[in-house]
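Coordinate analysis (summary)
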Amino acid sequence: MTKTYEVRTYGCQMNVHDSERLGGLLETDGYVRAEDGATPDLVVFNTCAVRENADNKLYGNLGHIASVKEKNPGMQIAVGGCLAQKDRDTITKKAPYVDVVFGTHNIGSLPVLLERARIAEESQVEILESLEVFPSTLPTKRDSVFAAWVSISVGCNNTCTFCIVPALRGKEKDRRPGDVLAEIKALVADGVVEVTLLGQNVNAYGVEFGDRQAFAKLLRACGEIEGLERVRFTSPHPKDFTDDVIAAMAETHNVMPQLHMPLQSGSDRVLKAMRRSYRQDKFLGIIDRVREAMPDAAITTDIIVGFPGETEEDFAATMDVVRRARFTSAFTFQYSKRPGTPAAELPDQLPKEVVQERYMRLTQVVDEVATAEAKKQEGRVVELLVADHEGKKDGATRRLTGRARDNRLVHFVPGDHDVRPGDMVEVRVTHAAPHHLVSDDAPLAYRRTPAGDAWESRQGRTEVRSVGLGMPTLGVPDPLPVVESACAI
């Protein structure tokens, strides 16, 4: 009888991409994805150690699934990801019914560990300290066919005091450019029209093989791939963001005018305490040069409020940068202690009520700026890559949803066109809200694409197909969903 599985993913885009690998591994091993509402034979928790109360959430979820397992003999539970890497010695002590614990460096071991646990009838824990096999050599189970995550590096060489990612993901490991481009070409051949280059510190790409311009070269090489219509990347670090990257973005036709640039704080004093190796002037200088090269670029960011020792003056500096940078949107976080990070041991930890009050003021300003920037889009014609998901009100309004070139979410009416996910439409924006745009007029243009053909022809298909030379199989996440940035670097 065929075994079924469910993967529950928490955290950043890197975890989403890892979960694709987990699904691919399991389906290659004979599993099939469990139907909604059905009890799976295997539940995999792909965890995050960055988000607040991540461990409490995990053990709460494990406690719930334990009662399900008790009623279903033979059911297995696996825990992987960053929290597994961090809490390797405690997960099976707190939750002895967990069958497998595996880390960020050995997701490819999951099928073997599950079989070992089944035969030995005891928990299997395997945590590697360094990466042995780059994840992109593993099979992949993707949910969509027209946009793909493509990992170009894993790990991070920075030492930000609030972040535990380097300790869990390790030092940066870069894929060779030829391997990255071969994967992209294979995806395009099967209908993908948009790729997002992924890394914890994506624009440091090349550090391992000694080419400081490797990332800009990779962007330009993507521009030479026929059929690849959109290229994005996340998340860069301001300290590594150089003018050659800006030029490559502006001069490469399929690199989108969209940038996620984590600020974290606008205060030079706080940035120093965070070990962020840039200051306010450098950050704003990058924003100015990006907008000079790409006037319509949409720029988003990450901001942490209430870092230890943050004063009202420091917070005011952050508010000043938000107003000057004119972010399209910002992922805002209230600082909270992360065990294992240097910042957790710093003096002057701020009271929760102070952090909350500043957070509310910040989000108000972020929304005001985002609204003003969105209003500038009213009346403009934008090209959309049609998504295969709907907004909350799309059913009632009979709208579809797509992403503009600058990654803004746009709800539109298809008119008389038989629009498919993966197709392209041009619409005129009639209304703007802080976090989405609306077009109530029929599309001005509609273009059927190979991606739309691929979506249409693969409806109802669930199998994973193996691709040679380490290339992933098809189907991918929606184009850059509105989620928190990769590990908030």
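Since this is a predicted model, take the numbers as computed values, not measurements.

1. Let's talk about the packing of aromatic side chains
Across all of its chains, the model carries five aromatic pairs by this definition. Between tyrosine 205 and phenylalanine 209, the ring centres sit 5.5 Å apart and the planes meet at 85°, which makes this aromatic pair edge-to-face. Plain terms: the ring middles of phenylalanine 307 and tyrosine 335 are 5.5 Å apart, the flat faces sit at 70° to each other, and that makes the pair edge-to-face. Here the residue phenylalanine 307 occupies a position in the loop between strand S13 (298-305) and helix H12 (312-325), and tyrosine 335 occupies one in the loop between strand S14 (329-334) and helix H13 (352-375), the gap between them amounting to 28 residues. In this structure an aromatic cluster arises from ring pairing among Tyr278, Phe283 and Phe327. In this structure, arginine 176 is placed above the aromatic ring of phenylalanine 209, and the distance from its NZ or CZ to the ring centre is 4.5 Å.

2. A short note on the sheet that holds strand S5 (residues 100-102)
Across the sheet, which stays open at both edges, the six strands sit in the order S2-S1-S3-S4-S5-S6 with parallel pairing between neighbours. With partners counted over all chains shown, the strands left at the sheet margins are strand S2 (32-33) and strand S6 (124-126), one partner each. Pairing analysis gives two bridges linking strand S1 (residues 4-9) to S2, with the strands arranged parallel. Pairing of tyrosine 5 across the sheet is with arginine 33, part of S2.

3. With respect to the sheet that holds S14
Taken in spatial order, the three strands line up as S12-S13-S14 in an open sheet, and their pairing is parallel. In this open sheet, the two edge strands, each paired with only one partner strand, are strand S12 (258-260) and S14. Neighbour to neighbour, the strand axes of the sheet diverge by 10° on average, direction disregarded. Judged from the three bridges that link them, S12 and S13 form a sheet pairing that is parallel. When the bridges of S13 are listed, leucine 259 appears paired with isoleucine 299.

4. Observations concerning the UniProt feature "binding site: [4Fe-4S] cluster 2" (unreviewed entry) in the protein chain
The residues that UniProt annotates with the feature "binding site: [4Fe-4S] cluster 2" (unreviewed entry) are Cys156, Cys160 and Cys163. Given a relative accessible area of 5%, cysteine 156 falls into the buried group. Every residue in contact with cysteine 156, bar those within four places of it in the chain, is listed here: Pro166, Gly170, Lys171, Glu172, Gln200 and Asn201. Here cysteine 163 is to be found in the loop between strand S8 (153-154) and helix H6 (165-169).

5. A short note on unusual backbone geometry
For the bond from threonine 234 to serine 235, the omega torsion is -10°, close enough to zero to count as cis. Position of serine 235 among the secondary structure elements: in the loop between strand S11 (230-234) and helix H9 (243-251). Backbone geometry at arginine 326 places phi at a positive 55°, although glycine is not the residue there. Take arginine 326: it is sitting in the loop between H12 and S14. A positive phi angle is found at asparagine 407, which is not glycine, with a value near 75°. Relative to the helices and strands, asparagine 407 resides in the loop between strand S16 (400-404) and strand S17 (409-412).

Definitions and limits used
Note on numbering: residues in each chain are counted from 1, in written sequence order. Selection of residues for local features in this predicted model requires a pLDDT of at least 70, selection of side-chain atom pairs for listing and counting requires 80 or more, and totals for whole chains, interfaces and linings are taken over all residues. Excluding hydrogens and water, the side-chain figures rest on all heavy atoms present in the structure. Within 6.5 Å between ring centres, the rings of Phe, Tyr and Trp (the latter by its six-membered ring) count as paired, and their orientation is classed by plane angle as stacked under 30 degrees, edge-to-face over 60, tilted in between. Only runs of H or I of at least four residues qualify as helices and only runs of E of at least two qualify as strands under DSSP, and these elements are numbered from the N terminus. A ring is considered to have a charge above it if a Lys NZ or an Arg CZ atom is located within 6 Å of its centre and within 35 degrees of its normal. For two strands to count as paired, DSSP must find a minimum of two bridges between them. The axes used here are C-alpha line fits, helices contributing only the stretch in contact, and every angle between their N-to-C directions lies in the interval 0 to 180 degrees. UniProt positions are given in the numbering used here, feature names are shortened, and annotations may be inferred rather than shown by experiment. Classification of residues uses two cut-offs on accessible area relative to the type maximum, computed with a 1.4 Å probe and protein chains only: under 20% is buried, over 50% is exposed, and between them is partly exposed. In what follows, residue pairs with any heavy atoms lying within 4.5 Å of each other are defined as contacts.

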